[in-house]
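An overview of the molecular structure
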Amino acid sequence: MKKILEVFANIYKIRDLRDKILLTLGMLLVYRIGAQIVLPGIDSQQMAALGDRAGGGDLLGLLNMFTGGAFAKASVFALGIMPYISASIVVQLMQIGVPYLQKLQKEGESGRKRITQITRWLTILICVVQAPTYIYGLSALGVPDSAFILGRSPMFVFSSTIILVTGTIFAMWLGEKITDRGVGNGISLLIMVGIIATLPQAFFQEFYSRVNENNGGLMTVLIELLIWVAIILLCVLLVMAVRKIPVQYARRAAGRGTTQGNLYGSRQYIPLRLNASGVMPIIFAQAIMFAPAYLGSLVGNSNAGQWIQASFSDIFGFWYNLLFALLIIVFTYFYTAITVPTNKMSDDLRRSGGFVPGIRPGKETADYLDRIMSFITFPGSLYLAAVAVFPAIVVKLIGMQQNWALFYGGTSLLIMVGVAIDTIQQVNSYLLNRHYDGLMKRGRTRQTSI
């Protein structure tokens, strides 16, 4: 406890870091306040039906979770930051086959700025399509017509579309400002805050179900918390695990002596992450999991159509999770292949005078790194799939509330763990730059002017 207090004291002493954290918290607060503001012309008191439906453990509940409840409130941030995430994924995938984007990718900082601008315009385009769909789809989701105070006239749809698009663009701006001037990745922090916003309600629902309804009692709640902590630790291992490839560097003449180059700072290895694709395979798989239920509805009232709809509409069902796990494994290999450039790593290593012991530089090194990535991606993909389907396991085995079970794995838990680790590492790096020991044993503070 004393060590933790010393860390907070060190953070407070560093004015720049303190200002960055306060700026981050302030912008996150603005985002949460905006998520409570209902669209003009909609009666917030009559949105209870959508809130009840979005509170279940279905695909609509997942969408509502990622927007921090804004989707069910018909808020100005109802679309959340997800259109920007979708646009980023599309642009990233297009960089594989579009020569223009490949050229921009090689142009350094100017090319990255241009790609960012393209992503922003694509975000607006996606919002322009999603916003009217959301407004007209409210009735199908259980919102009565009386909730629309002025009716759904073309003027109301147009103005609401403008507000929803502006809300997403403003959320995107908040995320970028947090990244530039705050602490952590802004877009990821906005998603994490939206997920955490639903955590207390989900826990208290589970607590009430176990204690007040004699469904296991307080001991069951404590066991569930211990399981949750264990799952979080396993997710931390998944995020942090790396395979270290040893690297040696040829000594080069430097004046009267010799020096040893090192591409990766003081480390004499290449860190290949066990889960190099992060949560993207789960996001891709969840996007495709909308398709089976939709195809089942197209078949109609036939036996096959009804079975498909029943099997793939329940996110805690067996067939849904079996297909979900298989898709995650496939997309893990796919996304790792396009995001880990083993050829570029081999070329950079050769240019810096480094080599893997026993492996010739160039193509053989690239093939070796690619083979290692294939070996470690398989257990990583199985690990990721197991974490993704674990909510369904706890629902079926111990009868856990579906909203609380969503925090036992899947995208929500991995995002929370990944963003928390990334933010802590940034704060830790800032402290170590200002302190001799920072977060080490004693925490001796270097005497510097702040």
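Everything here concerns the structure above.
What counts and what doesn't
Residues numbered from 1 in each chain as written. Predicted model: local features only at pLDDT ≥ 70, side-chain atom pairs only at ≥ 80, totals over all residues. Heavy atoms only, no water. Salt bridge = Lys/Arg side-chain N within 4 Å of Asp/Glu carboxyl O. Helix = DSSP H or I, 4+ residues; strand = E, 2+ residues; numbered from the N terminus. Patch = residues over 30% accessible without salt bridge, like charges linked within 9 Å, V, L, I, M, F, W, Y side chains within 5 Å. Areas by Shrake-Rupley, 256 points an atom, 1.4 Å probe, with all protein chains shown as cover. Buried < 20%, exposed > 50% of the residue type's maximum accessible area, 1.4 Å probe, protein only. Phe/Tyr/Trp six-rings, centres within 6.5 Å; stacked < 30°, edge-to-face > 60°. Axes fitted to C-alpha atoms, helices over the stretch in contact; angles between N-to-C directions. Left-handed = near helix turned anticlockwise from the far one by under 90°. Contact = heavy atoms within 4.5 Å. Nonpolar A, V, L, I, M, F, W, Y, C, P; charged D, E, K, R; others polar. Polar contact = N/O pair within 3.5 Å; in protein donor to acceptor, adjacent residues only side chain to side chain.

1. Regarding the pattern of salt bridges
Evaluation of the coordinates by the stated rule reveals 8 salt bridges. Arg210 is the partner of Glu224 in a salt bridge, and the nearest nitrogen-oxygen pair spans 2.9 Å. With Glu224 in helix H12 (residues 217-240) and Arg210 in helix H11 (residues 199-211), this residue pair connects regions lying 14 residues apart in the sequence. Among the salt bridges present, the one from Lys344 reaches Asp348, with a minimum N-O distance of 3.1 Å. Residue Lys344 and its partner Asp348 are located together in helix H17 (residues 342-351), separated by 4 residues, close to a single helical turn.

2. Considering a nonpolar patch on the surface
Nonpolar side chains collect at one region of the surface, where Phe204, Phe207, Leu218, Met219, Leu222 and Ile223 lie side by side and expose about 590 Å² of accessible area between them. Residue assignment for the nonpolar patch shows that the elements contributing at least two residues are H11 and H12. Relative to the elements of secondary structure, Ile223 occurs in helix H12. The class of Ile223 is partly exposed, set by a relative accessible area of 44%.

3. Side note on the packing of aromatic side chains
Considering all chains together, one arrives at 13 aromatic pairs under this definition. Here Phe170 and Trp173 contribute two aromatic rings whose centre-to-centre distance is 5.9 Å and whose plane-to-plane angle is 20 degrees, an arrangement assigned as stacked. On the criterion of helical spacing, the pair formed by Phe170 and Trp173 is a turn pair, its members being 3 residues apart in helix H9 (residues 154-181). Taking the centre distance of 5.9 Å and the plane angle of 45 degrees together, the rings of Tyr320 and Phe324 count as tilted. Here Phe324 and Tyr320 lie together in helix H16 (residues 318-339), a separation of 4 residues that amounts to about one turn. The burial state of Tyr320 is the same as that of Phe324; both residues are buried. One aromatic cluster is present, built from ring pairs that chain together Phe203, Phe204, Phe207, Trp228, Trp404, Phe407 and Tyr408.

4. A few points about the packing of helix H6 (residues 82-97) against H16
Axis separation between H6 and H16 bottoms out at 11 Å; the angle between their running directions is 65 degrees. Once H6 is placed against H16, the crossing between them reads as left-handed. Each of Gln92, Leu93 and Ile96 in H6 lies in contact with H16, whose residues at this interface are Phe334, Tyr335, Ile338 and Thr339. The residue inventory of the contact of H6 with H16, partitioned by class, reads 5 nonpolar, 2 polar and no charged.

5. Comments concerning unusual backbone geometry
Phi angles above zero are rare outside glycine, and Ala74 is one such case at about 55 degrees. Among the secondary structure elements, Ala74 is positioned in the loop between helix H5 (70-73) and H6.

6. Brief notes about the side chain of Glu206
Structurally, Glu206 can be placed in helix H11. Looking at Glu206, its side chain comes within polar contact range of the side chain of Arg210, at 2.7 Å. Those residues in contact with Glu206 that lie beyond four places of it in its chain are Glu224, Met400, Gln401 and Trp404.

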